[in-house]
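# Structural overview
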Amino acid sequence: MSRDEVNVVWLGSPTFPKAAHDALQDDQLRRNLKHATTTIRDKRLRAVAELDDWETLRLAGSQIKDRVMRHLDTYLLQLEASVTAAGGVVHWAEDAREANWIVTELVRAKGATEVVKIKSMATQEIGLNEALADAGIEATETDLAELIVQLNHDRPSHILVPAIHRNRTEIRDIFLREMGKHGVPAPDDLTDEPRALAEAARVHLREKFLRAKVAISGANFACADTGTVGVVESEGNGRMCLTLPETLITVMGIEKVLPSFADLEVFLQLLPRSSTAERMNPYTSLWTGVTPGDGPQEFHLILLDNGRTKTLADTAGRSALHCIRCSACLNVCPVYERTGGRSYGSVYPGPIGAVLTPQLVGVGTSDHADSLPFASTLCGACYDACPVRIDIPEMLVHLRAKVVDAHRGGVPKPEALAMKGAKVVFGSPRRLAVAERLGAIGGRIAGIGGGRWLPGPAKKWTGARDVPVPARESFRTWWRKAGRG
Amino acid sequence: MRIALFIACYNDALFPDTGKAVTAVLERLGHTVEFPMAQTCCGQMHYNTGYRREADSLVGAFNDAFRGYDAIVTPSGSCGGHVRHHHKTETAPNVYEFSEFLVDVLGVTDVGAYYPHRVTYHPTCHSLRMLRVGDKPLRLLRAVEGIELVELPEAESCCGFGGTFAMKNSETSVAMLQDKMGNVRKTGAQTLCASDNSCLMHIGGGLGRIKSGVRTLHLAEILAATR
Ligand code: SF4
């Protein structure tokens, strides 16, 4: 994978319908996804049902996030002051290039040529691993699923379960083939037992943990009032990264700030139940600056913009920044379930990706990003599942309008012409009646012979579905003839 | 109570029987209904596809056509949901989806229907999540004489229609449709019922293509059926 390919969007990604075409051919992928999403969906429903104040919690989560977005500048400055007061150093990065440069310089200053990393979407978004590699620094992902994806030079397909599309045998083969190239090799007699696979990863990673001088993490939250930064995870490898090395560098999207430490109460309940359907996530690590003699003695917090302020400027689109990356919307999405995450061509897949990606990269900048808001039936399952009540369907339509507006002028596409035509027809009941009569005649002609295969764009419909034959007489004609109106 | 029928453009042209069925049920219950001839389209398709300007120009006309009615009843869950959520006009709050109107406004669940067939019900997404009609359609169906109502597995999964999604992302749409059809066939039902002809057009189009023999019918048409 070249450097350029790794960013918010994977450059050169096809539009969603094209990518989905390939994914839909892959029966194994569809079966894996169906199984995984159905299981977690049911578990999540049970976990959520256990709390009788779930809806109140969701409301609280969404209100806190609303407040953060309204006063983001204030909270970020407060966070900077708190972190600095606690002995940390804060850096501001406007885009991926700047963030990568800051991290690289920090690692170089320590004279390190390898770093350990704990799963972080922000660093994936900026392509940090590749930037470090260019600088001769090897970054090792320590989250098991991330490690699998990294070793296989693959791309993640899920926020939380990046290797959801791989099965056990594939993972064993990846370990056997790749581990030795980067450190402790996997044992020759490695089986595909989960236990054996986990042990191979443990041994491989242990050596890295003990040697690494620098660790890089993301952040789930950062509290403005105390300067406390938090990461939640389930394997404990993150905790190793956060405590063993001498220097800790955290790259965090600016939207992750929370007003106060007390707000964690809400999010630490919402997140695990929504993401892994657990009552509590196994490892919650919180740190505030540096503590002499305990843990990393140098702490850098990089606050990353990379399109976020631009997103914030759109009041109808900004709630995409409320996202706490729980992945509940992916797991309930019928489109994701069929196509998988990689069809979205972005670090952020599924419903949240469909609204976040186009905003981070800019609507109207590529056919790929512009196709994402249309990758939904607007069924609304994502909105119901989202722990911070992001109205994804509404935002999808908002972004669709932006896409359409970005392409107005110039030569109109057939769709735009059709929409215009429909507006003219619907503009008057008389014109509608005429059109209905013509449609009834045309439709019946098309229906004659029982073939019902239509040419041109309509083929997309008739490839698998019959077309309804327009009625001989519309409702309004019947009504009038019956002397009712 | 002055009741207006909002039939929705595609029902008007493609599924006039649904409108007739709504009329029949309401009249059977003793109500007089009117069909404001000036109505055309609520703009949902335009709005959802991103053609907001075009949609906006239809809102005023909708409002003019339906002004002055106490209730505006529609057999289309998605159009009803669209008007209630997106038309910021005085008529929007008076719009009811057919099953809502029967149960919530008229307070009836037994409309005196007779339909002696094995039926399964698909709760369309917009009725389910936008209008929150809940089990109202099922309560109405349960009261139908002679009906054998069977549960649809994975009932709440989207059928894959999604308006222009069915064309723009036709392959994904069809993949979802196949799962829905599989579940419908598992029930052994002769009739698939829903409260929205747009989803039924998609599912019915698929069931027709594979010659499944399963009939698709709008809720209103089952409720209109009598001995
Ligand atoms: S949009 Fe909501 S449901 Fe989806 S990942 Fe973000 S927080 Fe979770």
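Residues numbered from 1 in each chain as written. Chains lettered and ligands numbered in written order. Predicted model: local features only at pLDDT ≥ 70, side-chain atom pairs only at ≥ 80, totals over all residues. Heavy atoms only, no water.

### Some points on the overall build of chain B
- Counting secondary structure elements, chain B contains 12 helices and 8 strands.
- Expected size for 227 residues packed as a compact globule is a radius of gyration near 17 Å; at 17 Å, chain B falls within 12% of this value.
- Counting the 227 residues in chain B, one finds 63% classified as buried.
- Of the roughly 7,800 Å² of accessible surface on chain B, a fraction of 49% belongs to carbon and sulfur atoms. (Helix = DSSP H or I, 4+ residues; strand = E, 2+ residues; numbered from the N terminus. Rg over C-alpha atoms; globule rule 2.2 N^0.38 Å. Buried < 20%, exposed > 50% of the residue type's maximum accessible area, 1.4 Å probe, protein only. Areas by Shrake-Rupley, 256 points an atom, 1.4 Å probe, with all protein chains shown as cover.)

### As for the side chain of N32 of chain A
All names here are of chain A.
- Assignment of secondary structure puts N32 in helix α2 (residues 27-49).
- You can call N32 buried: its relative accessible area is 17%.
- Excluding residues that lie within four positions of it along the chain, N32 makes contacts with I164 and H165. (Contact = heavy atoms within 4.5 Å.)

### Re the interface of chain B and chain A
- With 64 residues of chain B at the interface, the matching set in chain A holds 64 residues.
- Surface buried jointly by chain B and chain A totals about 5,500 Å² across both partners, of which 59% is contributed by carbon and sulfur atoms.
- When the buried area of chain B at its contact with chain A is split by residue, M37, Y51 and R209 of chain B rank highest and sum to 13% of it.
- Inspection of the chain B/chain A interface yields 7 salt bridges.
- Residues R129 of chain B and D384 of chain A are paired through a salt bridge, measuring 4.0 Å at the closest nitrogen-oxygen approach.
- Put simply, chain B and chain A have 23 residue pairs in polar contact (both at pLDDT 80 or more) between them. (Buried area = accessible area lost by both parts, 1.4 Å probe. Salt bridge = Lys/Arg side-chain N within 4 Å of Asp/Glu carboxyl O. Polar contact = N/O pair within 3.5 Å; in protein donor to acceptor, adjacent residues only side chain to side chain.)

### Side note on the nonpolar core
- If you look at the biggest cluster of nonpolar residues, it comprises 112 residues, and the most contacted ones within it are L79, F175, V257, F267 and I352 of chain A.
- Sequence-distant contacts of I352 of chain A, that is, excluding residues within four places in its chain, are made with I159, A320, C323, C329, L330, T357 and I392 of chain A. (Core = buried A, V, L, I, M, F, W, Y, C linked by side-chain atoms within 4.5 Å.)

### Quick word on empty space enclosed by the protein
Residues and elements named next belong to chain A.
- Under the counting rule described, the total for this entry stands at 2 cavities of 30 Å³ or more.
- Taken together, 18 residues line the largest cavity, and the ones lying closest to its centre are C333, P334, P351, S376 and C382.
- Elements with a contribution of two residues or more to the lining of the largest cavity: α15 (334-339), α16 (350-361), α18 (381-385) and α19 (392-406).
- A per-element tally of the lining of the largest cavity places α16 first, with 3 residues.
- For the lining of the largest cavity, the residue count by class is 14 nonpolar, 4 polar and no charged.
- Quantified by volume, the second largest cavity comes out at close to 100 Å³.
- If you go around the second largest cavity, you meet 14 residues; those closest to its centre are C323, C326, C329, C386 and P387.
- When grouped by side-chain class, the residues that make up the lining of the second largest cavity number 12 nonpolar, 1 polar and 1 charged. (1 Å grid on protein atoms, 1.4 Å probe; cavity = no way out; pocket = protein on both sides within 12 Å on 5 of 7 lines; lining within 4 Å. Points joined across faces, edges and corners; volume = space filled by probe spheres on them. Nonpolar A, V, L, I, M, F, W, Y, C, P; charged D, E, K, R; others polar.)

### Details of α16 of chain A
Residue and element names in this part refer to chain A.
- In this model α16 runs 16 Å from its N-terminal to its C-terminal C-alpha over 12 residues, within 8% of the 16 Å that 1.5 Å per residue would give.
- Counting buried positions along α16 yields 11 of 12 residues, so the element is predominantly enclosed.
- The complete set of buried residues in α16 reads G350, P351, I352, G353, A354, V355, L356, T357, P358, Q359 and L360.
- Downstream of α16 by one or two residues, G362 has phi in the positive range, about 105°. (Expected span 1.5 Å × (residues − 1).)

### Quick word on the sheet that holds strand β8 (residues 215-218) of chain B
Residues and elements named next belong to chain B.
- The strand order across the open sheet built from 4 strands is β6-β5-β7-β8, with neighbouring strands paired in parallel fashion. At either margin of the open sheet sits one strand with a lone partner, and together these are β6 (148-150) and β8. Across the sheet, the mean angle separating the axes of adjacent strands is 35° when strand polarity is ignored.
- Examined bridge by bridge, strand β5 (residues 118-121) and β6 share 3 bridges and lie parallel to one another. Considered in β6, the bridge of R118 is made with E148. (Pairing = 2+ DSSP bridges. Axes fitted to C-alpha atoms, helices over the stretch in contact; angles between N-to-C directions.)

### Considerations on the side chain of T339 of chain A
- Here T339 of chain A is to be found in helix α15.
- A relative accessible area of 2% means that T339 of chain A is categorised as buried.

### A few points about the site of the ligand
- Close contacts around the ligand come from 13 residues, with C323, C326, S327, C329 and C386 of chain A the closest.
- Broken down by class, the residue content of the shell around the ligand amounts to 11 nonpolar, 1 polar and 1 charged. (Near = heavy atom within 4 Å.)

### Remarks on the pattern of salt bridges
- Inspection of every chain in the model, using the stated rule, returns 39 salt bridges over all chains.
- Here K402 of chain A and D314 of chain A are joined by a salt bridge, their closest N and O atoms 3.0 Å apart. Here the residue K402 of chain A occupies a position in helix α19, and D314 of chain A occupies one in the loop between α13 (308-312) and α14 (328-332), the gap between them amounting to 88 residues.
- For K402 of chain A, a relative accessible area of 34% puts it in the partly exposed group.
- On the basis of relative accessibility, which here comes to 13%, the residue D314 of chain A falls in the buried class.
- When the shortest N-O distance is used, the salt bridge between R338 of chain A and E337 of chain A registers 3.9 Å.
- Since its relative accessible area comes to 5%, R338 of chain A is described here as buried.
- On the basis of relative accessibility, which here comes to 5%, the residue E337 of chain A falls in the buried class.
- One connected set of salt bridges, linked through shared partners, spans K34, R41, E337 and R338 of chain A together with E154 and D179 of chain B.

### Describing the packing of α16 of chain A against α19 of chain A
Residues and elements named next belong to chain A.
- Two elements in contact, α16 and α19, have axes separated by 10 Å at closest approach and are oriented at 40°. Considering only the axes of α16 and α19, their crossing is left-handed. Every residue of α19 that contacts α16 at P351, I352, A354, V355 and Q359 is listed here: I392, M395, L396 and L399. (Left-handed = near helix turned anticlockwise from the far one by under 90°.)

### Looking at the sheet that holds strand β3 (residues 71-74) of chain B
Residue and element names in this part refer to chain B.
- An order of β2-β1-β3-β4 is seen for the 4 strands of this open sheet, with the pairing classed as parallel. Two strands lie at the open edges of the sheet, namely β2 (33-34) and β4 (95-97), each paired on one side alone.
- Sheet topology places β3 next to β4; 3 bridges connect them, and they run parallel. Note on β4: the bridge partner recorded for T74 is E97.
- The sheet strands contacting helix α2 (residues 16-28) are β1 (3-5) and β2, and the helix crosses β1 at an angle near 160°.
- Helix-sheet contacts for helix α5 (residues 77-86) involve β3 and β4, and the interaxial angle to β4 is about 150°.

### Digging into the packing of aromatic side chains
- For the structure on display, the rule yields 14 aromatic pairs over all chains.
- Summarising the aromatic geometry, the rings of W287 of chain A and F299 of chain A are spaced 6.0 Å apart at their centres and angled 85° between planes, so their arrangement reads as edge-to-face. Remark: F299 of chain A occurs in strand β10 (residues 298-304) and W287 of chain A occurs in strand β9 (residues 283-288); sequence separation between them is 12 residues. As far as burial versus exposure is concerned, W287 of chain A and F299 of chain A are alike and both buried.
- Considering the side-chain rings of F6 of chain B and F62 of chain B, the 4.9 Å spacing of their centres and the 80° angle between planes classify their relative orientation as edge-to-face. In this pair, F6 of chain B sits in the loop between β1 and α1 (9-14) while F62 of chain B sits in helix α4 (residues 52-66), placing the two residues 56 residues apart along the sequence. Both residues of the pair, F6 of chain B and F62 of chain B, belong to the buried class. (Phe/Tyr/Trp six-rings, centres within 6.5 Å; stacked < 30°, edge-to-face > 60°.)

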